[in-house]
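Analysis of the macromolecular model
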Amino acid sequence: MILLTGATGYIASHTWLALWAAGYDVIGVDDFSNSSPEVLNRLQRLGGRTPLFERADVCDSAAMLSLFKRHPISAVVHFAAFKAVGESSAKPLAYYRNNIGGLVSVAEAMNASGCKTFVFSSSATVYGTPEQLPIPESASLATTSPYGATKLIGENILADIARADPAWRVALLRYFNPVGAHESGLIGEDPRGTPNNLMPYVTQVAVGKRERLQVFGGDYETVDGTGVRDYIHVSDLAEGHVAALRHLMDPSGSSFTANLGTGRGHSVLELVRAFERASSCHIPYDIVARRTGDVAACYADASRARDLLGWQATRGIDAMCADSWRWQRSNPHGYGD
Ligand SMILES: NC(=O)c1ccc[n+]([C@@H]2O[C@H](COP(=O)([O-])OP(=O)(O)OC[C@H]3O[C@@H](n4cnc5c(N)ncnc54)[C@H](O)[C@@H]3O)[C@@H](O)[C@H]2O)c1
């Protein structure tokens, strides 16, 4: 049985379905600090079975110990974390407590129960301002926000655990920019308040929730002056987790770090145009000042995940936009709470 922490969140809910499709049993935990219980109903509809779920805070060590005592958990995919870069600068302690405290209490409970297989949600943010493009895993690491620091510290903690006890197998997965939604339109990204990321902002403009898109920076040295990112369909990302778990759980597998991206960059305006094509909606936008901390371009060297895990993203920008639109159009208020 695989434990998903942060299980009702955006990426975890898609990973849950991918794990079911691959034949794994799953148990989820979440405290609903950034997600809705309605996700569980949607998973039930899509999977045709009742998701096994417990509401808990991963920082609660006693709750984590109890969870591992009561369920035969063989591996963990640890998604639970706060993830808003800007908010992390305003509330650094909340981010360190939740993201580092949660990781430590889950890892301690795993040690106590003998479960030593761990997949960690890291992020391309650990590369800071990239020195080379595409970015290989060997690139130098530097963070520009407390959020990024929690990911880098998390990676270091896990590397230390694996060094101290070689029975541990750890996958550090550095996600690029997840977008899109399940093709059914039943699950997707449901940010609270003003979206921090481009795609939910675009879809909210399309559905009439926001008037215009603000594009941060039109004078970068990129194809059209707007920022370039490696957008990856969340269902591809979900399948990347299945491939990572398969590798770790194989007798010949071992710990690794891998980028999960497509290896292709798209500018903000390219994404907006692709979305307009997919949705037949017009997206009015204004180009405004650059946002502090944003880099001009960031995209992955995705070859290690391909060579090591036999995984690569298959869904292109048009599918990402069509699926995001289907989700937003069918759920204009997200999960509705
Ligand atoms: N979405 C991105 O752009 C992106 C990029 C790189 C890395 N990541 C990482 O991937 C992971 C998942 O991201 P997401 O986009 O699905 O975010 P999300 O906010 O949708 O999911 C995170 C889930 O964790 C839960 N959670 C937070 N703290 C918790 C706690 N203490 N106990 C129990 N549950 C808790 C939230 O309620 C939420 O359901 C995070 O670790 C994030 O940092 C996300």
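The sections below set out a description of the structure shown in this document.

Conventions adopted
Residues numbered from 1 in each chain as written. Predicted model: local features only at pLDDT ≥ 70, side-chain atom pairs only at ≥ 80, totals over all residues. Heavy atoms only, no water. Pairing = 2+ DSSP bridges. Helix = DSSP H or I, 4+ residues; strand = E, 2+ residues; numbered from the N terminus. Axes fitted to C-alpha atoms, helices over the stretch in contact; angles between N-to-C directions. Phe/Tyr/Trp six-rings, centres within 6.5 Å; stacked < 30°, edge-to-face > 60°. Lys NZ or Arg CZ within 6 Å of the ring centre and 35° of its normal. Near = heavy atom within 4 Å. Polar contact = N/O pair within 3.5 Å; in protein donor to acceptor, adjacent residues only side chain to side chain. Areas by Shrake-Rupley, 256 points an atom, 1.4 Å probe, with all protein chains shown as cover. Nonpolar A, V, L, I, M, F, W, Y, C, P; charged D, E, K, R; others polar. Contact = heavy atoms within 4.5 Å. Buried < 20%, exposed > 50% of the residue type's maximum accessible area, 1.4 Å probe, protein only. Right-handed = clockwise from strand over helix to strand, strands pointing away. Core = buried A, V, L, I, M, F, W, Y, C linked by side-chain atoms within 4.5 Å. Parallel < 35°, antiparallel > 145°, perpendicular 65-115°, else oblique. Left-handed = near helix turned anticlockwise from the far one by under 90°. Expected span 1.5 Å × (residues − 1). Disulfide = S-S within 2.5 Å.

A closer look at the sheet that holds strand S5 (residues 117-123)
Taken together, 7 strands build an open sheet; the order of strands is S3-S2-S1-S4-S5-S6-S11 and the sheet is parallel. With partners counted over all chains shown, the strands left at the sheet margins are strand S3 (52-55) and strand S11 (256-260), one partner each. For this sheet, the mean angle separating the axes of adjacent strands, direction not counted, is 20°. The sheet contact formed by strand S1 (residues 2-5) and strand S2 (residues 26-30) spans 4 bridges and is parallel. Residue Thr5 lies in a different strand from S2, and its bridge partner there is Val29.

Things to note about the packing of aromatic side chains
Aromatic rings in a pair are described by how distant their centres are and how their planes are angled relative to each other. Summed over all chains, the structure comprises 7 aromatic pairs. Above the face of the Tyr201 ring, Arg210 is positioned so that its terminal group lies 5.6 Å from the ring centre.

Comments concerning the site of the ligand
Not every one of the 28 residues close to the ligand is listed here, only the nearest: Asp30, Asn34, Ser35, Asn98 and Tyr147. Within the contact set of the ligand, an oxygen atom lies 2.7 Å away from a side-chain nitrogen or oxygen of Ser35. Between Val58 and the ligand, the recorded distance is 2.9 Å, taken from a backbone N or O atom to a nitrogen atom. Across the complex, the protein chains shield 96% of the 810 Å² of accessible surface that the ligand would expose by itself. Of all the secondary structure elements, the ones that give two or more residues to the shell around the ligand are helix H1 (10-21), S5 and helix H6 (146-164). For the shell around the ligand, the class distribution of residues is 12 nonpolar, 11 polar and 5 charged.

Here we look at the side chain of His266
Position of His266 relative to the elements: it lies in strand S12 (residues 266-267). Residues contacting His266, with those up to four places away along its chain left out, are Gly227, Val228, Arg229, Tyr231 and Ile317.

A closer look at the pairing of S2
Counting buried positions along S2 yields 5 of 5 residues, so the element is predominantly enclosed. Side chains of S2 alternate between two faces, with Val26, Gly28 and Asp30 and Ile27 and Val29 buried alike. A crossover links S1 with its parallel partner S2, the connecting element being H1, and its sense is right-handed. As paired strands, S2 and S3 are joined by 4 bridges and run parallel to one another. Across the sheet, the residue bridging to Gly28 is Phe53, located in S3.

Focus: the nonpolar core
Counting 44 residues, the largest nonpolar core has Ile2, Leu4, Trp16, Leu19, Leu173 and Phe256 as its most contacted members. Elements supplying a minimum of two residues to this core: S1, H1, helix H2 (38-47), strand S4 (75-78), strand S6 (169-175), helix H8 (234-249), S11 and helix H10 (303-309). Residues within four places of Trp16 in sequence aside, it is in contact with Leu4, Ala7, Val26, Gly28, Leu40, Leu43, Pro51, Leu52 and Phe53. With 25 residues, the next largest nonpolar core counts Ile27, Phe118, Leu158 and Ala162 among its residues.

A closer look at the environment of Ser105
Relative to the helices and strands, Ser105 resides in helix H5 (residues 92-113). Taking the C-alpha atoms as reference points, Ser105 and His282, separated by 177 residues in sequence, lie 47 Å from one another. In this structure Ser105 touches Val58, Cys59, Asp60, Ser61 and Met64, once residues within four positions along its chain are discounted.

Topic: the packing of helix H9 (residues 268-279) against helix H11 (residues 317-330)
It is at 8 Å that the axes of H9 and H11 come closest, and there the two elements cross at 60°. By the criterion of interaxial angle, the relationship of H9 to H11 is oblique. In the packing of H9 onto H11, the handedness of the crossing is right-handed. Touching Leu271, Ala274, Phe275, Arg277, Ala278 and Ser279 of H9 are Ile317, Asp318, Cys321, Ala322 and Trp325, all from H11.

Comments concerning H8
An ideal rise of 1.5 Å per residue puts 22 Å on 16 residues; H8 measures up with 23 Å between its terminal C-alpha atoms. The element H8 is largely enclosed, with a buried count of 13 among its 16 residues.

Details of the state of the cysteines
When the sulfur atoms of two cysteines share a covalent bond, that bond is a disulfide. For the structure on display, the rule yields 0 disulfides. Free cysteine Cys281: the closest other cysteine sulfur is in Cys321, separated by 11 Å.

Regarding unusual backbone geometry
The linkage connecting Leu133 with the following residue, Pro134, adopts the cis geometry, with an omega of -10°. Tracing the backbone shows Pro134 in the loop between S5 and H6. Positive phi values are uncommon outside glycine, yet Phe32 reaches one of about 60°. Inspection of the secondary structure puts Phe32 in the loop between S2 and H2. By relative accessible area, which is 12% here, Phe32 ends up buried.

Here's the deal with the packing of H1 against H2
In the contact formed by H1 and H2, the axes pass within 11 Å of each other and the chain directions differ by 25°. The orientation of H1 with respect to H2, classified from their angle, is roughly parallel. Handedness of the H1/H2 crossing: right-handed. In contact with Ser13, Trp16, Leu17 and Trp20 of H1, H2 contributes Val39, Leu40, Leu43, Leu46 and Gly47. Across the contact of H1 with H2, the residue classes tally to 7 nonpolar, 2 polar and no charged.

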